[in-house]
Amino acid sequence: MTGLVRRAALLSLGGLFVARSAMACLPSGTFSTFPPNNCVKLVGKNLSGLADAGTFTIIVRTGGGNLVPNSNVVLDFSSCPDVHMASQADLLGLAGNPNAGLTENAVFKTVTRAAGPANGQALGAVSFTLLGGSTGGGNGSGVLCARVIADNVQIGMLTIAVYDWDGSRTIDAGDLSGALGDMFAPGSGSTAKARSDFDCNGAINAGDLSVLLSVTFGSFVDGPVSFAW
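All of these numbers come straight from a predicted model, not from anything done at the bench. Residue indices begin from 1 for each chain and proceed along its sequence in written order. In keeping with the model being predicted, local features are shown solely for residues with a pLDDT of at least 70 and side-chain atom pairs are shown and tallied solely at 80 or more, while totals for entire chains, interfaces and linings include all residues. Remark: hydrogens and water are excluded; side-chain values derive from all non-hydrogen atoms of the structure.

1. Here we look at the nonpolar core
- Nine residue types can take part in a nonpolar core, namely buried Ala, Val, Leu, Ile, Met, Phe, Trp, Tyr and Cys, and a core is a set of them joined through side-chain atoms within 4.5 Å. In this scheme, a residue with accessible area under 20% of its type's maximum is buried, one over 50% is exposed, and one in between is partly exposed, where area comes from a 1.4 Å probe on protein chains only. Counting residues in hydrophobic clusters, the biggest one holds 45 residues, and the most contacted among them are L75, F77, M85, V111, F128, L130 and I160.
- The element contributing the most residues to this core is strand β10 (residues 153-162), with five residues.
- Residues contacting L130, with those up to four places away along its chain left out, are K41, L42, V43, F56, L75, F77, M85, L91, L102 and V111. Comment: elements are numbered from the N terminus, with helices defined as DSSP H or I runs of at least four residues and strands as E runs of at least two. Any two residues whose heavy atoms approach within 4.5 Å at even a single point are treated as in contact.

Here is the structure:
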């Protein structure tokens with residue numbers, strides 16, 4: 001009987017070891033690296049097809065802190081109701097092809113790209129340069145609406161700021177007006193409408209309007225030719 005108990009204990013310990021080893025090999029949100037404040041921007045482009053500053057990078061690591069090569073990283077925007085994403089052709093047609101290998105699923109509202117060293121990126125790293133807009137109005141998505149999934153494991157959430165507030169595919173005075181509306185929304189509305197938090201500090205204020213003004217009167221005023229959703 002004592003032998004059976006001892007075997008059962010050894011099997012249990014072995015099972016725990018295997019489980020912990022498996023977890024240490026899976027992508028981990030705790031050890032992965034995200035953009036500051038988990039905040040990213042959907043941007044515009046200039047007439048030469050060059051995107052505004054807005055490229056962001058996620059570095060995928062395991063629970064043991066090791067970089068994950070060629071991880072399949074999915075950004076899921078299905079819980080961001082005001083987000084318009086550019087078409088696949090627009091995302092792949094940017095100058096310099098910064099989204100090489102990216103795929104888009106308009107039905108499920110996802111974009112997917114492999115981490116490095118696939119597509120010439122650093123080991124475990126995956127970058128995105130996303131054109132897009134907002135549907136505007138009162139349906140701001142709020143903070144941390146987009147899911148980050150690596151190899152079928154959710155590792156984090158992202159807040160989405162959007163320069164093209166009204167989805168007109170041009171960044172202009174209409175977007176400034178919309179961002180002002182978010183800034184002065186009553187109660188918690190201004191913080192909930194994180195689409196206008198362009199400096200990614202968790203609050204919508206004059207600093208965000210300054211960022212949007214610099215874009216509106218700069219060269220990166222064009223949006224995508226078409227939206228996928």
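Following the structure, the description resumes.
2. Examining the sheet that holds β10
- Ordered in space as β1-β10-β9-β3-β6-β5, the six strands form an open sheet in which the pairing is mixed. The outermost strands of the open sheet, each flanked by one partner alone, are β1 (39-42) and β5 (103-105). Here the strands of the sheet are splayed against their neighbours by 30° on average, with no regard to which way each runs. At least two bridges found by DSSP between two strands are what make those strands a pair. Orientation is described by lines fitted to C-alpha atoms, with helices fitted over the stretch in contact, and by angles between N-to-C directions that extend from 0 to 180 degrees.

3. Some points on the state of the cysteines
- When two cysteine sulfur atoms lie within 2.5 Å, the pair is treated as a disulfide. If you walk through the whole model with that rule in mind, you get two disulfides.
- In this model, C39 is linked to C200 through a disulfide, with the two sulfur atoms separated by 2.1 Å. Because the sign of the S-S torsion sets the handedness, a value of about -60° for the bond joining C39 and C200 places this disulfide among the left-handed ones. One end of the pair, C39, is in strand β1; the other, C200, is in the loop between α4 (189-192) and α5 (206-216), with 161 residues separating them in the sequence.
- On the basis of relative accessible area, C39 is assigned to the buried category, the value being 8%.
- Classification of C200 as buried rests on a relative accessible area of 12%.
- Disulfide pairing places C80 opposite C145 at an S-S distance of 2.1 Å. Handedness here is read from the sign of the S-S torsion; for C80 and C145, about 105°, the answer is right-handed.

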